[in-house]
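If you want the building blocks of each chain, they are given just below.
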Amino acid sequence: MDLAYIPSPSTGVIHLGPIPLRGYAFCIIIGVFVAVWLGNRRWIARGGKPGTVADIAVWAVPFGLVGGRLYHVITDYQLYFGEGRNWVDAFKIWEGGLGIWGAIALGAVGAWIGCRLRGIPLPAWADALAPGIALAQACGRWGNWFNQELYGRATDLPWAVEISAGPNRDAGTYHPTFLYESLWCIGVALLVLWADRRFTLGHGRAFALYVAAYCVGRGWIEYMRVDEAHHILGVRLNVWTSIVVFVLAVVYLVLSAKLRPGRETVVEPDTSGGKDGDDAAPADADGSADAAKPEPAKAGAPVLTKDAPAGAEAKAPEAGKH
């Protein structure tokens, strides 16, 4: 008999009148707000403007949701297509099923579009968002708890999660791999914050560190899961994906540090037209302002020359005379 365990909610939906409030969606929304809030603070600290992170997130988040769902449906197509399956279920994102690999990949495409429209370097924006994305994943994993999914092998440990009987699952207590990954993501966020402050990471290296660190945790957590998954050479597909993405992230870290050391000095162009918007004079190509240039002498006006004796004046040549 288990003396202690983490109970699962009896339902993942709370009805507020005719409006269903789903725990899975609620956790994802919280995660998005956390990522944007922290990313905005980091962006401003690096010299960016308030609100820019949220403006680009308007592009990145929808792309990320679509990418995450596509990855899940493609890699777990047997759940939606074939005999006895309803392909319409592939669109029911509220029932769970988002692949982080697809979410990051397609979300990066959306972020690239937003950055291009604002004239912002994508690597700098990604560095600002990196720890926030990890915290967003930590929040989002609790959506799996509401749906009673993403658990591991059976166990009687005090922190086991209780799972009730349902489609494709048996009642019992299991390793709460959703909790393990949530805690791991919090650790990844703290690691990126520390490393960014200690080593002044730039040009996408903070984001690459987040990716590499997450892949390490995702790899060992995948080994504990018991849900249906595709295998290659006896290893779960997501483990192979973690290995490949980890290697790519480390290679980027090494090459980026050699080719582009340091950090970006300017992350967002100044389009205000000056300090107060109208007071600053336009600058020439060499960066000097027109107001700093002396005006040409008018015909007939006295001109003081450098070599003239004190009190002497030199007259400018009259128009038409040489």
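Thresholds applied
Residues numbered from 1 in each chain as written. Predicted model: local features only at pLDDT ≥ 70, side-chain atom pairs only at ≥ 80, totals over all residues. Heavy atoms only, no water. Helix = DSSP H or I, 4+ residues; strand = E, 2+ residues; numbered from the N terminus. Buried < 20%, exposed > 50% of the residue type's maximum accessible area, 1.4 Å probe, protein only. Salt bridge = Lys/Arg side-chain N within 4 Å of Asp/Glu carboxyl O. Core = buried A, V, L, I, M, F, W, Y, C linked by side-chain atoms within 4.5 Å. Contact = heavy atoms within 4.5 Å. Expected span 1.5 Å × (residues − 1). 1 Å grid on protein atoms, 1.4 Å probe; cavity = no way out; pocket = protein on both sides within 12 Å on 5 of 7 lines; lining within 4 Å. Points joined across faces, edges and corners; volume = space filled by probe spheres on them. Nonpolar A, V, L, I, M, F, W, Y, C, P; charged D, E, K, R; others polar. Polar contact = N/O pair within 3.5 Å; in protein donor to acceptor, adjacent residues only side chain to side chain.

Secondary structure assignment for the protein chain yields eight helices and eight strands. Burial analysis of the protein chain (322 residues in total) assigns 39% to the buried set.

With that out of the way, let us pick up the pattern of salt bridges. For the structure shown, the criterion picks out eleven salt bridges. Across the salt bridge formed by E268 and R118, the nearest N and O atoms sit 3.3 Å from each other. Of this pair, E268 sits in the loop between helix 8 (237-259) and strand 7 (302-303) while R118 sits in helix 3 (residues 100-118), placing them 150 residues apart in sequence. Overall, the relative accessible area of 32% leaves R118 in the partly exposed class. Between R218 and E181 there is a salt bridge whose closest N-O contact spans 3.9 Å. A residue pair is termed long-range when its members are at least 10 positions apart, and R218 in helix 7 (residues 205-222) and E181 in helix 6 (residues 177-199) qualify at 37 residues. Taken together, the salt bridges that share partners define one network made up of R141, E181, R218, E222, R225 and R236.

Phi at L150 is positive, roughly 60°, even though this residue is not glycine. As for its position among the elements, L150 is in the loop between helix 5 (142-146) and strand 3 (161-163). Relative accessible area serves as the criterion here: at 8%, L150 is assigned to the buried category. A positive phi angle is found at L233, which is not glycine, with a value near 55°. Mapped onto the elements, L233 comes out in the loop between strand 5 (231-232) and strand 6 (235-236). Judged by its relative accessible area of 77%, L233 falls in the exposed class.

Moving on to the nonpolar core. Counting 38 residues, the largest nonpolar core has W43, W125, V192 and Y210 as the members making the most contacts within it. Listing elements by their share of this core, those giving two or more residues are helix 1 (23-45), helix 2 (52-75), helix 3, helix 4 (122-140), helix 6 and helix 7. A per-element tally of this core places helix 4 first, with nine residues. Residue contacts for W43: discarding those within four places in its chain leaves G48, K49, T52, V53, I120, A124, W125, A128, V267 and E268.

Turning our attention to the side chain of S242. Residue placement: S242 occurs in helix 8. Each residue touching S242, except ones within four places of it in the same chain, is listed here: W101, C215, R218 and G219.

Counted at 1.5 Å a residue, the expected span for helix 1 with its 23 residues is 33 Å, and the 33 Å between its end C-alpha atoms agrees. Those residues of helix 1 lying buried are G23, Y24, C27, G31, A35, V36, L38, G39, R42 and W43. Looking at the packing, one finds that the buried side of helix 1 touches strand 2 (19-22), helix 2, helix 4, helix 5 and helix 6. Once helix 1 finishes, G47 follows within two positions and takes phi at roughly 105°, a positive value.

On to the layout of surface pockets. By volume, the second largest pocket is sized at about 220 Å³. Considering the residues around the second largest pocket, the lining is formed by L38, R41, R42, A45, R46, L193, W194, D196, R197 and R263. Listed by contribution, the elements that provide at least two residues to the lining of the second largest pocket are helix 1 and helix 6. In the lining of the second largest pocket, the residues fall into four nonpolar, no polar and six charged.

Mapped onto the elements of the fold, T173 is located in strand 4 (residues 172-174). Of the polar contacts made by the side chain of T173, one reaches the backbone oxygen of T155; its length is 2.6 Å.

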